[in-house]
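A closer look at the structure
Here are the chains, one letter per residue:
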Amino acid sequence: MVDKWKVIIADDERIIREGIRQCVDWDSLGMEVSAEAEDGEEALELAVEHAIHIALVDLNMPIMHGMELMKRLREALPGCKIIVITGHDEFAYAQESIRLQVNDYILKPAEPKQLMQVLRGVRDELESERQQSQHLEQASRQLMKNFPLLRERFCQEWLDGNLSQAEIREQLQFLKLPPQRPELIGIIRWRWEGQHPAMKEKERQLFLFAIENIAAELLDPYPKVMFRDAAGLIVILLWDAAGERILAGVEAAVRSHLKIAVEVGNRLIQGEITELAAAYRSCRVALVKEQPLSPLVRRAKQHIQEHYSEYGLTLEATAGLLQASPVYLSRLFKQELGESFGTYLTQTRIRRAAQLLHSTELSISEVAEQSGYETQHYFSTAFKKQTGVAPLQFRKGVQAEVRK
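Rules of the game
Residues numbered from 1 in each chain as written. Predicted model: local features only at pLDDT ≥ 70, side-chain atom pairs only at ≥ 80, totals over all residues. Heavy atoms only, no water. Phe/Tyr/Trp six-rings, centres within 6.5 Å; stacked < 30°, edge-to-face > 60°. Helix = DSSP H or I, 4+ residues; strand = E, 2+ residues; numbered from the N terminus. Buried < 20%, exposed > 50% of the residue type's maximum accessible area, 1.4 Å probe, protein only. Lys NZ or Arg CZ within 6 Å of the ring centre and 35° of its normal. Salt bridge = Lys/Arg side-chain N within 4 Å of Asp/Glu carboxyl O. pLDDT = per-residue confidence, 0-100. Contact = heavy atoms within 4.5 Å. Pairing = 2+ DSSP bridges. Axes fitted to C-alpha atoms, helices over the stretch in contact; angles between N-to-C directions. Left-handed = near helix turned anticlockwise from the far one by under 90°. Nonpolar A, V, L, I, M, F, W, Y, C, P; charged D, E, K, R; others polar. Patch = residues over 30% accessible without salt bridge, like charges linked within 9 Å, V, L, I, M, F, W, Y side chains within 5 Å. Areas by Shrake-Rupley, 256 points an atom, 1.4 Å probe, with all protein chains shown as cover. Lys, Arg positive; Asp, Glu negative; His and termini not counted. Charge placed at Lys NZ, Arg CZ, Asp CG, Glu CD.

1. Examining the packing of aromatic side chains
To describe a pair of aromatic rings, you give the distance between the ring centres and the angle between the ring planes. Counted according to the given criterion, the structure contains eight aromatic pairs. Aromatic side chains Phe-333 and Tyr-344 sit 5.7 Å apart centroid to centroid with 70° between the ring planes, which places their arrangement in the edge-to-face category. Linking Phe-333 in helix H16 (residues 326-337) with Tyr-344 in helix H17 (residues 341-359), this pair joins segments that are eleven residues apart in sequence. One exposure class covers both Phe-333 and Tyr-344, and it is buried. An aromatic cluster of three or more residues is present, and its members are Tyr-373, Tyr-378, Phe-379, Phe-383 and Phe-394. Positioned over the ring face of Tyr-308 is Arg-245, at 4.6 Å from the centre of the ring. The positively charged end of Arg-349 is found above the aromatic ring belonging to Tyr-373, 5.6 Å away from the centroid.

2. With respect to the pattern of salt bridges
One pass over the structure, following the stated rule, counts twelve salt bridges. Across the salt bridge formed by Arg-351 and Glu-244, the nearest N and O atoms sit 2.9 Å from each other. Here Glu-244 lies in helix H11 (residues 244-248) and Arg-351 lies in helix H17, a separation of 107 residues in the sequence. Owing to a relative accessible area of 29%, Arg-351 belongs among the partly exposed residues under this scheme. It is possible to trace a salt-bridge network through shared partners that takes in Arg-17, Arg-21 and Glu-36.

3. Quick word on the confidence of the model for the protein chain
Looking at the protein chain as a whole, its pLDDT mean stands at 84, while 89% of the residues score no less than 70. Segment residues 399-404: pLDDT under 50, and zero contacts once partners within four positions in sequence are set aside and those in other chains are kept.

4. Let's talk about the sheet that holds strand E1 (residues 5-10)
Overall, parallel pairing links the five strands, which are arranged E2-E1-E3-E4-E5 in an open sheet. Across the chains shown, the open sheet's two edge strands, defined by having one partner strand only, are strand E2 (31-37) and strand E5 (104-107). Between one strand and the next, the sheet's axes are offset by a mean angle of 20°, whatever the strand orientation. Where strand E4 (residues 81-86) and E5 come together, four bridges link them in parallel fashion.

5. Comments concerning the packing of helix H14 (residues 295-307) against H17
H17 packs onto H14 with a crossing angle of 35° between their chain directions and a minimal axis gap of 10 Å. H17 is crossed by H14, and the crossing has right-handed handedness. Facing H14, whose interface residues are Lys-301, Ile-304 and Gln-305, H17 presents Phe-341, Tyr-344, Leu-345 and Thr-348. Within the contact of H14 with H17, the residues separate by chemical class into four nonpolar, two polar and one charged.

6. Notes on unusual backbone geometry
At Ala-51, a position not held by glycine, the phi torsion is positive, near 50°. With respect to the element layout, Ala-51 can be found in the loop between helix H3 (40-50) and strand E3 (54-57). Of the residues examined, Ala-51 reaches a relative accessible area of 38% and is grouped as partly exposed.

7. Section: a negative patch on the surface
Together, Asp-12, Glu-38, Glu-41, Glu-42, Glu-45 and Glu-49 make up a region of like negative charge exposed at the surface. In this fold, Glu-45 is placed in helix H3.

And the structure:
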């Protein structure tokens with residue numbers, strides 16, 4: 001809040017400065033004369049030092065001409081109001097003053113009544129601007145407070161397929177989200193009805209909030225938006241597919257900390273920025289239709305998603321870690337997921353390799369290493385068998401699509 005509006009009187013004639021100071025009732029205007037200057041250079045220095053709100057400027061001053069002073073004031077104090085008081089009744093000066101957005105132009109000798117009227121108008125303008133600024137600051141604070149909610153609403157509309165490509169890009173920029181589509185969508189489902197049928201709504205909301213906190217903490221390094229959809233499922237949009245492995249660990253973390261079981265599904269998002277809706281529907285349908293997995297298979301699946309990059313990840317090692325026989329785990333895995341442990345592991349590794357080939361400039365050998373393959377040759381053979389093309393051809397094909 002400004003106590004009084006600060007004024008500087010810049011005129012090379014002392015008698016003029018004193019006359020202006022004495023003929024105005026500054027208190028009634030809510031103003032004070034904070035400085036006086038007899039040349040333009042001194043006026044500029046004092047105006048900046050005192051953060052002046054109103055400058056009364058004579059055009060014909062030594063060292064720095066009034067016109068130059070006004071230009072410099074506009075640069076240093078953009079909000080400062082300038083009133084020209086001069087004996088130069090010349091149209092050229094008036095034109096230049098208008099260009100510099102001078103608030104008024106008064107000829108010497110200035111009449112007290114006219115000067116008061118002009119100053120009153122400038123004060124009203126300053127107070128109006130201050131009020132507008134306060135409203136904008138308040139609106140900005142409110143907007144920032146509601147930013148998470150605005151992001152959630154936007155993402156829900158995006159998932160529903162109700163936005164055009166232009167609208168999506170505009171909202172991404174406004175909401176300070178990455179400008180491209182997310183790489184991965186994840187959905188967390190808690191079947192609380194079956195686990196805790198008598199649970200009260202307040203307690204259920206607390207558990208959901210705790211699940212969100214665990215997921216948010218695990219995924220903290222990755223750009224994301226997390227919210228609940230209309231069905232109460234926790235949806236996570238990730239702009240870095242590397243978060244897939246961390247997302248897979250949410251189930252174990254929730255089970256460890258909250259002693260409840262949740263299911264996590266995910267889908268890679270491909271194509272245009274509007275294709276998010278299709279990935280969301282696919283992920284949700286798969287999660288809802290998926291038959292509940294046995295604890296052993298669920299833990300084995302999660303172990304693969306978290307450790308696929310390790311060379312020593314085998315059926316035998318995983319079975320030993322989970323305290324089960326390899327034969328039993330293999331049979332159960334195939335029965336519940338419809339594919340063998342080895343096939344699921346290979347698909348997980350190749351999917352990750354495809355992400356790295358698409359989104360990074362890592363060498364083929366580096367991609368092989370990060371995908372869990374000991375040699376580039378073994379990796380290339382497995383990749384081509386799964387995708388039909390060699391890793392290098394895959395990368396060139398992706399780059400060609402991007403250039404189209």
